[in-house]
Amino acid sequence: MIAFGIAFFCFTLSCSVTVARMQDIPTWRRFLPLTLFLIAAAASLLRAFDIPEVANAISFPLNLAVVLLSFREIRGSRRKRELGPSV
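For clarity, every value in this text was computed on a predicted model and none was experimentally measured.

Rules and cut-offs
- Residues numbered from 1 in each chain as written.
- Predicted model: local features only at pLDDT ≥ 70, side-chain atom pairs only at ≥ 80, totals over all residues.
- Heavy atoms only, no water.
- Helix = DSSP H or I, 4+ residues; strand = E, 2+ residues; numbered from the N terminus.
- Buried < 20%, exposed > 50% of the residue type's maximum accessible area, 1.4 Å probe, protein only.
- Phe/Tyr/Trp six-rings, centres within 6.5 Å; stacked < 30°, edge-to-face > 60°.
- Salt bridge = Lys/Arg side-chain N within 4 Å of Asp/Glu carboxyl O.
- Expected span 1.5 Å × (residues − 1).
- Arc of directions from axis to C-beta.
- Contact = heavy atoms within 4.5 Å.
- Disulfide = S-S within 2.5 Å.

**Focus on the environment of Arg72**
- With respect to the helices, strands and loops of the structure, Arg72 is situated in helix α3 (residues 52-83).
- Judged by relative accessible area, which is 57%, Arg72 ranks as exposed.

**Some words on the packing of aromatic side chains**
- Under the defined criterion, the tally for this structure stands at four aromatic pairs.
- For the ring pair Phe9 and Phe37, a centre distance of 5.2 Å and an interplane angle of 45° mean the geometry is tilted. Residue Phe9 is located in helix α1 (residues 2-20), and its partner Phe37 is located in helix α2 (residues 27-45); the two are separated by 28 residues in the primary sequence.
- Three or more aromatic residues link up through ring pairs in this structure, and these residues are Phe4, Phe8 and Phe60.

**Points about the pattern of salt bridges**
- Per the stated rule, a full pass over the model turns up two salt bridges.
- The salt bridge involving Glu73 is made with Arg29; its shortest N-O contact spans 2.9 Å. With Glu73 in helix α3 and Arg29 in helix α2, the pair connects residues that are 44 residues apart, well separated along the chain.
- The salt bridge involving Arg72 is made with Glu73; its shortest N-O contact spans 3.7 Å.
- Three or more residues are tied together by salt bridges with common partners; here these are Arg29, Arg72 and Glu73.

**Describing α1**
- Between the first and last C-alpha of α1 there are 27 Å, a value that for 19 residues agrees with the 27 Å anticipated at 1.5 Å per step.
- Here α1 has its buried residues at Thr12, Cys15, Ser16, Val19 and Ala20. The buried residues of α1 occupy an angular sector of 135° when projected down its axis, which confines them to one face. Residues Ile2 and Ala3 are exposed on α1 and point more than 90 degrees away from its buried face.
- Its buried side turned inward, α1 meets α2 and α3.

**Description of the state of the cysteines**
- Tallying each qualifying case throughout the model produces zero disulfides.
- Take Cys15: it sits in no disulfide, and the sulfur closest to it among the cysteines is that of Cys10, at 11 Å.

Following this line, the structure appears as structure tokens:
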């Protein structure tokens, strides 16, 4: 279970950093997944202070949102590159 958590953390971080490096989308859309990831990581740290209810309620849904938003942006960027420049 710990290995899955670490792998999911790395995967989420990788997705959010990939989107943050894209130059062809507006700034707020570039950094939204990274911001949500950092909020989720901060919420996960609440477990260290014996507040697991809040951490469980916030961190996983935010991480899921990060992955979905990142996939949407990455897929849109790939599709835009495949279609080529608009006339």
